[in-house]
Amino acid sequence: MPDSVFPQCRIVPLRLLSPATTERLLNQIAGIPGVRRAVINGPSLPVTIPYGPARGAANPNTNRQTIQVRGTEFEMRGQTGMVTLEVRDESVIEAVRNACDEIFTAFPYTLQTGRQFIKSQASLVDYAKYGPNADEFIIGLTDPRRHDSPVIIPAAACNDNGGGLSDQTQTEHTSNYSN
Amino acid sequence: MAYKPQYGPGTSIVAQNRRNQMNPGHELEKLRSVTDEDVVLILGHRAPGAAYPTAHPPLAEQQEPEDPMRKIVKPTDGAKAGDRVRYVQFADSMFNAPSQPYQRTYAEMYRFRAIDSGTLSGRQIVECRERDLDQYAKFLIETEMFDPATVGIRGATVHGHSLRLAEDGMMFDALQRCVLGDDGVVKYVKDQVGVPLDRPVDVGKPMNEKWLKEHTTMFHSLVGTAFREDEEYIEYIQRIHTLRTKYGFMPKEE
């Protein structure tokens, strides 16, 4: 996979985050000018019980809440394990680091930087799903198994034009495997 | 001289905890108390107060064939009454949970009778007659083999043992069978397969990190005792590994 044109970083806290902390973190990050896209990863919180004798029954869970990020509401589908960001340039990563320093006071976090955290080139599945002229913002954000689209969050004020980017967030879940 | 089992090697606290759990002569500390009804609710196999359903008539009513083994091996209460076989399954977090699947199986084999265990990387199931199961499950919940935050009673959808803990210190559970209340007490709100309970079942407060580190049976170089610190254990494991590798080549003594 080729490197992304834009720098990326990944926030990995030592603990899985509650919806309240996720909301605080995302509001801080979405308020930073120059954050283009964000992917939230974490273990899935299914709406119904997926396995066992109670399969199909409702699965009330206090961690599956609707949170609000810069005025946009969306429901958490998983418990936040890490947040991957695509940013305009390296200076934005420092702003992200400062925001994380403010939020993660009770437990540490790791901020990884690189250019291969989010897929930057359309794969075969992307081609099959979106065709040859897929929106570059979509690539790497969507989970092929799901039908819901990314959440669009109003961009923070940016000094330069930056291409008029709107920030986009996609929540993604890891599979529930048994072991 | 009578044989005295050693249970396991090692000089570390982890090794000692393993031996303590396995040794039926060692009395494990009772840290919390749950009622029989609480256990029945969490297990979810029958309604509290209901009679034990049976799989066959009581042994006393059956014409059993003459067999010397039947005279030597006395049946457990559950087998005597003809109870169904039911299960309890535990998932143990890798962050210093007091027990872990292999350890559970070893300990249960030494301490309990008439059980059938299933050991996997992140969960361990034990099956036995229902009447016996209630007692065994109560023991496993009340003693130091259980911690409300890092051990989960999970019949299905067990994922979480290898994940980071949540902010409040609870092991991840997609079904959120137990919740940590504002009073610091963990309550089971669903049975082990995820069916909501009529009333929450209180299993006490989570143990603190210091206690977990002192009572865990898991080596963990980052949050607990590192395996490399226990030289005796390493020597033992290396010996086993060497012997079984050589045995694969069927060595012949000259």
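Scroll up to find the structure this text is about.
For the structure given in this document, a descriptive report is provided here. This structure is a prediction, so every number in the text was calculated from the model and none was measured. (Residues numbered from 1 in each chain as written. Chains lettered and ligands numbered in written order. Predicted model: local features only at pLDDT ≥ 70, side-chain atom pairs only at ≥ 80, totals over all residues. Heavy atoms only, no water.)

1. Concerning the environment of glutamine 79 of chain A
Turning to step 1, where the next piece is worked out: Relative to the assigned elements, glutamine 79 of chain A resides in the loop between strand 4 (72-75) and strand 5 (82-87).
Turning to step 2, where the next piece is worked out: A sequence separation of 69 residues divides glutamine 79 of chain A from arginine 10 of chain A, and the C-alpha atoms of the two residues are 16 Å apart.
Turning to step 3, where the next piece is worked out: In this view, glutamine 79 of chain A contacts Leu16, Leu17, Asn41, Gly42, Pro43, Leu45 and Asn63 of chain A together with Ala166 and Phe172 of chain B; residues no more than four positions away in its chain are not counted. (Helix = DSSP H or I, 4+ residues; strand = E, 2+ residues; numbered from the N terminus. Contact = heavy atoms within 4.5 Å.)

2. Comments concerning the packing of helix 2 (residues 36-43) of chain B against helix 6 (residues 130-142) of chain B
Residue and element names in this part refer to chain B.
Turning to step 1, where the next piece is worked out: Across the interface, helix 2 lies against helix 6 with an axial gap of 10 Å and an inter-helix angle of 100°. Taken together, the axes of helix 2 and helix 6 are roughly perpendicular relative to one another. Seen from helix 2, the contacting residues are Asp36, Val39, Val40 and Leu43; seen from helix 6, they are Leu133, Asp134, Ala137 and Lys138. (Axes fitted to C-alpha atoms, helices over the stretch in contact; angles between N-to-C directions. Parallel < 35°, antiparallel > 145°, perpendicular 65-115°, else oblique.)

3. So, the sheet that holds strand 3 (residues 123-129) of chain B
Residue and element names in this part refer to chain B.
Turning to step 1, where the next piece is worked out: One open sheet holds the 4 strands; their spatial order is 2-3-1-4, and the pairing between them is antiparallel. Sheet topology places strand 2 (116-119) and strand 4 (151-153) at the edges, where each strand pairs with a single neighbour. Along the sheet, successive strands turn relative to each other by an average axial angle of 20°, direction set aside.
Turning to step 2, where the next piece is worked out: Strands strand 1 (85-92), strand 2, strand 3 and strand 4 of the sheet are contacted by helix 5 (residues 101-111), whose axis makes an angle of about 25° with strand 3. (Pairing = 2+ DSSP bridges.)

4. Side note on the interface of chain B and chain A
In many analyses, interface size is given as the accessible surface area lost on bringing the parts together.
Turning to step 1, where the next piece is worked out: Between chain B and chain A, the contact holds 27 residues from the first and 32 residues from the second.
Turning to step 2, where the next piece is worked out: Together, the buried faces of chain B and chain A total about 2200 Å²; carbon and sulfur atoms form 52% of this surface.
Turning to step 3, where the next piece is worked out: Summed over the three residues of chain B that lose the most area to chain A, namely His159, Arg164 and Glu167 of chain B, the buried surface amounts to 32% of that side.
Turning to step 4, where the next piece is worked out: Where chain B packs against chain A, one counts 1 salt bridge. (Buried area = accessible area lost by both parts, 1.4 Å probe. Salt bridge = Lys/Arg side-chain N within 4 Å of Asp/Glu carboxyl O.)

5. What about the pattern of salt bridges?
Turning to step 1, where the next piece is worked out: Counting across every chain of the model gives 25 salt bridges over all chains.
Turning to step 2, where the next piece is worked out: Between arginine 64 of chain A and glutamate 75 of chain A there is a salt bridge, with its nearest N and O atoms 4.0 Å apart. With arginine 64 of chain A in the loop between strand 2 (35-41) and strand 3 (66-69) and glutamate 75 of chain A in strand 4, this pair connects stretches of sequence that are 11 residues apart.
Turning to step 3, where the next piece is worked out: Here glutamate 130 of chain B makes a salt bridge to arginine 84 of chain B, at a shortest N to O gap of 3.2 Å. In this pair, glutamate 130 of chain B sits in helix 6 while arginine 84 of chain B sits in the loop between helix 4 (77-81) and strand 1, placing the two residues 46 residues apart along the sequence. Grouping residues by exposure puts glutamate 130 of chain B and arginine 84 of chain B together as buried.
Turning to step 4, where the next piece is worked out: A single network of salt bridges, built from pairs that share partners, joins Arg36, Arg37, Glu86 and Glu136 of chain A. (Buried < 20%, exposed > 50% of the residue type's maximum accessible area, 1.4 Å probe, protein only.)

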